[in-house]
Amino acid sequence: MTNQEKYLNAFVAALEVAPGEAPTLTYGESKSWDSVGHMALVAALEDAFDIMMEMDDIIDLSSFDKGKEILRKYAVEI
Amino acid sequence: MLWKFERHQSNIAVEDEYGRQLTYAELRHEGRMLCQQADGRCLVFCLCRNVMGSFVGYVSFLNGGVVPAMLPADMDAELFRNLYETYRPKYIWAPESFSMEDGCCRYERFGYRLTQTPFGDVETRLAPELALLLTTSGSTGSPKLVRQSYRNIRANTDSIVQYLHLQADERPVTTLPMHYTYGLSILNTHLDVGATVLLTDKSVTQKEFWTFFRARGGTSFGGVPYTYEMLDRMRFTHMDLPALRTMTQAGGKLMPELHRKYAEWCQKTGRQFIVMYGQCEATARMAYLPWEMSLQKIGSVGVAIPGGTLELIDENGGAIQTPHTVGELRYRGENVTLGYAENAADLALPDERGGVLDTGDMAEFDEDGYYTIVGRKKRFLKMYGNRVNLDEIERMLKARFPDVECACAGSDDHLTLFATDAAALPEMRAWLAGKTGLNSSGISIKAVSEIPKNEAGKTLYKELDTNDD
């Protein structure tokens, strides 16, 4: 699986959305991306890329695109 | 009048995340204008968010003798409709985006709108002591509301202010919603001492929350067990929050290892970690664990709040005298609410409890008189701090999916949905999440060959295995 696929799958699985919908998501706008969904998403990303995210990055993760930027800090290129 | 705002005229009562502030004098003035429009004592449905309009509405109605029923702004439309038709409020106080086809706008302020409903001319009799209505379980839309009186709120406010030693220099941030009694108790007590409420609709998982909290010198916050689990996963204790002094916890039992972790961290950094216990039926609070004891009494909810008493009742109705003996927790105090309402006519009912509340929680006390909750008498769970009645969930599912045999069980924050029709389960789960607003990651599904029942047809919940496969 490519990083891009892994990244998309994490969103689809954690927030229970269609793959086509995932790239448009932002925190709070989508019903499933509330605080509970957020923690599920963080766990899914950490598992998928075998990383431990810092608090500052966890709270900064506010959209599909923002997440890609954050993962770069952990040497993950999407 | 519940609060005497004139005592703190020039103090800032509230600051929101967009930089808007109101002094107590201004808040008082806003209240007068809003209540003038409501024109006398009546019932208002308040659709709550942690924003200025919602805050000003709650405070003004309560202080102005108008009775607010506090409901989540994102409540499912059908469940809202059901409550609306059951209680026939004279007004709705809601964000401007909330659409009301048959209403008439009376007033607008802070992005909120006071809409007069077609029920405006129906005379709803309200008991003179009735102050506030709260749902017992917001997510299932049960029409059962808790009736709180002015005296209830006053008594509970006094107790909490006393045991938390609250003063005007406090700056609590909103982490809990206004339709939730724990969230309201934080507003009630801090407004009583002239402190400044930091108002934000953001969650602890969002950067904007912490930026606001840090920039405005937040001194305290409250959290349900799930809040503390999230903070733990986020390695919260590494954060630099110099103004933070107090963290409180209620809304269900925190895992003992997390209780220890936060108690130790607070002790080490000169802060206070205070575990508390309460119910909407007791206004908010019944017990608290003094912070000095937080490490000695891990897992305990502590002792009764000032002015209240706790005791344990055995199966024969007698009071338990021996430590470590489980019984139902009974609370007595002036904060025990008037009772429930199931329809508009019930709003005229007098006090039905006489200051005594059988909590439905099973507990024990130790040799020092510290109480620990060990279970529940009734079938409900706390989902992210909110009470969810499992029988009501089953009823909702059976009404929507009449052909499927199903049952619900689980533990706090983990609801398991059982059904004999495996193919129907994913749809049932998605429907339930949408209806209740509970995040579906808290709902597991399990296909079973049959729902175990006894000869009388009652479901044998103990035979349902809620462990993950």
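Source: prediction; values computed, not measured.

Along the backbone of chain B there are 10 helices and 25 strands. With respect to the three principal axes, the spread of C-alpha positions in chain B is 65 × 55 × 45 Å. Sequence separation of 24 or more characterises 65% of the internal contacts of chain B that already satisfy a separation of 6 or more.

So, about the overall build of chain A. A tally of helices and strands in chain A yields four helices and zero strands. Seen through its principal axes, chain A has C-alpha atoms that stretch 30 × 25 × 20 Å. Within chain A, the fraction of its 78 residues that count as buried is 36%. Restricting to contacts in chain A with at least 6 residues of sequence separation, those with at least 24 account for 45%.

This part is about the interface of chain B and chain A. With 17 residues of chain B at the interface, the matching set in chain A holds 14 residues. Within the residue set of the side of chain B that touches chain A, elements represented by two or more residues are helix 6 (207-215) and helix 7 (225-233) of chain B. The residue makeup of the side of chain B that touches chain A, split by class, is six nonpolar, eight polar and three charged.

This brings us to the sheet that holds strand 12 (residues 246-249) of chain B. All names here are of chain B. Reading across the sheet, the five strands line up as 11-12-13-14-15 and stay open at both edges, with mixed pairing between neighbours. Each having just a single partner strand, strand 11 (220-223) and strand 15 (303-304) make up the two edges of the open sheet. Relative to strand 15, strand 14 (residues 285-288) runs antiparallel, the two sharing two bridges. Residue pairing for strand 15: Ala287 is matched across the bridge by Ala304. Across the sheet, helix 8 (residues 256-268) touches strand 12 and strand 13 (272-278), and the angle it forms with strand 13 is around 140°.

Moving on, we come to the pairing of strand 21 (residues 380-383) of chain B. On strand 21 of chain B, burial follows the alternation: Leu381 and Met383 of chain B on one face are buried, whereas Phe380 and Lys382 of chain B on the facing-out side are not. The turn joining strand 21 of chain B and strand 22 (residues 386-389) of chain B, which pair antiparallel and follow one another in sequence, is formed by two residues; a positive phi near 50° is taken by Tyr384 of chain B.

So, on to the nonpolar core. One finds Val44, Cys46, Ala69, Leu71, Trp93, Ala287 and Leu417 of chain B to be the most contacted residues of the largest nonpolar core, which totals 146 residues. When residues of this core are sorted by domain, at least three fall in each of domain 1 (5-375) and domain 2 (381-463) of chain B.

Residues and elements named next belong to chain B. Summarising burial for strand 7 (residues 112-116): five of the five residues are buried, a large majority. Neither face of strand 7 is open: one carries Tyr112, Leu114 and Gln116, the other Arg113 and Thr115, and all of them are buried. In this structure, strand 5 (residues 91-95) lies alongside strand 7, joined through five bridges in antiparallel fashion. Its bridge partner being in strand 7, Tyr91 is matched across the sheet by Gln116. Two elements, strand 6 (residues 104-109) and strand 7, share five bridges in a ladder whose sense is antiparallel. Bridging from a neighbouring strand, Glu108 pairs with Arg113 of strand 7. Taking the residues between adjacent antiparallel strands as the criterion, strand 6 and strand 7 are bridged by two residues, where Phe110 takes a positive phi near 50°.

All names here are of chain B. It is at 11 Å that the axes of helix 7 and helix 8 come closest, and there the two elements cross at 65°. Of the possible angle classes, the one that applies to helix 7 and helix 8 is roughly perpendicular. Here helix 7 runs over helix 8; the crossing is left-handed. Each of Tyr228, Glu229 and Asp232 in helix 7 lies in contact with helix 8, whose residues at this interface are Leu258, Lys261 and Tyr262. Split by residue class, the contact of helix 7 with helix 8 holds three nonpolar, no polar and three charged.

A word on the domain arrangement of chain B. Residue and element names in this part refer to chain B. When its domains are assigned, chain B resolves into domain 1 (5-375) and domain 2 (381-463). Each of domain 1 and domain 2 has a C-alpha centre, and the two are 28 Å apart. With 13 residues of domain 1 at the interface, the matching set in domain 2 holds 16 residues. Within the side of domain 1 that touches domain 2, the residues separate by chemical class into three nonpolar, eight polar and two charged.

Our focus in this paragraph is unusual backbone geometry. Residues apart from glycine generally show negative phi values, whereas peptide bonds are mostly found in trans. Residue and element names in this part refer to chain B. With a phi close to 50°, Phe110 is a non-glycine residue in the positive phi region. Positionally, Phe110 belongs in the loop between strand 6 and strand 7. Residue class for Phe110 comes out partly exposed when judged on the 19 C-beta atoms lying within 10 Å of it. Positive phi, close to 70°, is recorded for Asp413, a residue that is not glycine. Take Asp413: it is sitting in the loop between strand 23 (406-411) and strand 24 (414-419). We classify Asp413 as partly exposed; it has 19 C-beta atoms within 10 Å.

The complete set of buried residues in helix 7 of chain B reads Pro225, Tyr226, Thr227, Tyr228, Met230 and Leu231 of chain B. Against the buried residues of helix 7 of chain B lie helix 2 (35-49) of chain A together with strand 11, strand 12 and helix 8 of chain B. Phi for Arg235 of chain B, located one or two positions after helix 7 of chain B, is positive at around 55°.

With that settled, consider the environment of Phe236 of chain B. For Phe236 of chain B, the location among the structural elements is in the loop between helix 7 and strand 12. We classify Phe236 of chain B as partly exposed; it has 18 C-beta atoms within 10 Å. For Phe236 of chain B and Trp210 of chain B, which are 26 residues apart along the polypeptide, the C-alpha to C-alpha distance reads 11 Å. Sequence-distant contacts of Phe236 of chain B, defined by excluding residues within four places in its chain, comprise Met55 of chain A together with Leu231 of chain B.

Pairs of packed helices are described in terms of their axes, by the angle between the two and the distance that separates them. Residue and element names in this part refer to chain B. Contact pair helix 9 (residues 390-400) / helix 10 (residues 425-436): the axes reach a minimum separation of 11 Å and the direction vectors enclose 120°. When the axes of helix 9 and helix 10 are compared, the pair comes out oblique. Relative to helix 10, the crossing made by helix 9 is right-handed. Contacts from Ile393, Met396, Leu397 and Arg400 in helix 9 reach Met428, Trp431, Leu432 and Lys435 in helix 10.

Calculation rules
Residues numbered from 1 in each chain as written. Chains lettered and ligands numbered in written order. Predicted model: local features only at pLDDT ≥ 70, side-chain atom pairs only at ≥ 80, totals over all residues. Helix = DSSP H or I, 4+ residues; strand = E, 2+ residues; numbered from the N terminus. Contact = placed C-beta atoms within 7 Å. Buried ≥ 20, exposed ≤ 12 C-beta atoms within 10 Å, placed from the backbone. Nonpolar A, V, L, I, M, F, W, Y, C, P; charged D, E, K, R; others polar. Pairing = 2+ DSSP bridges. Axes fitted to C-alpha atoms, helices over the stretch in contact; angles between N-to-C directions. Core = buried A, V, L, I, M, F, W, Y, C linked by C-beta atoms within 7 Å. Domains from an automatic or database assignment. Parallel < 35°, antiparallel > 145°, perpendicular 65-115°, else oblique. Left-handed = near helix turned anticlockwise from the far one by under 90°.

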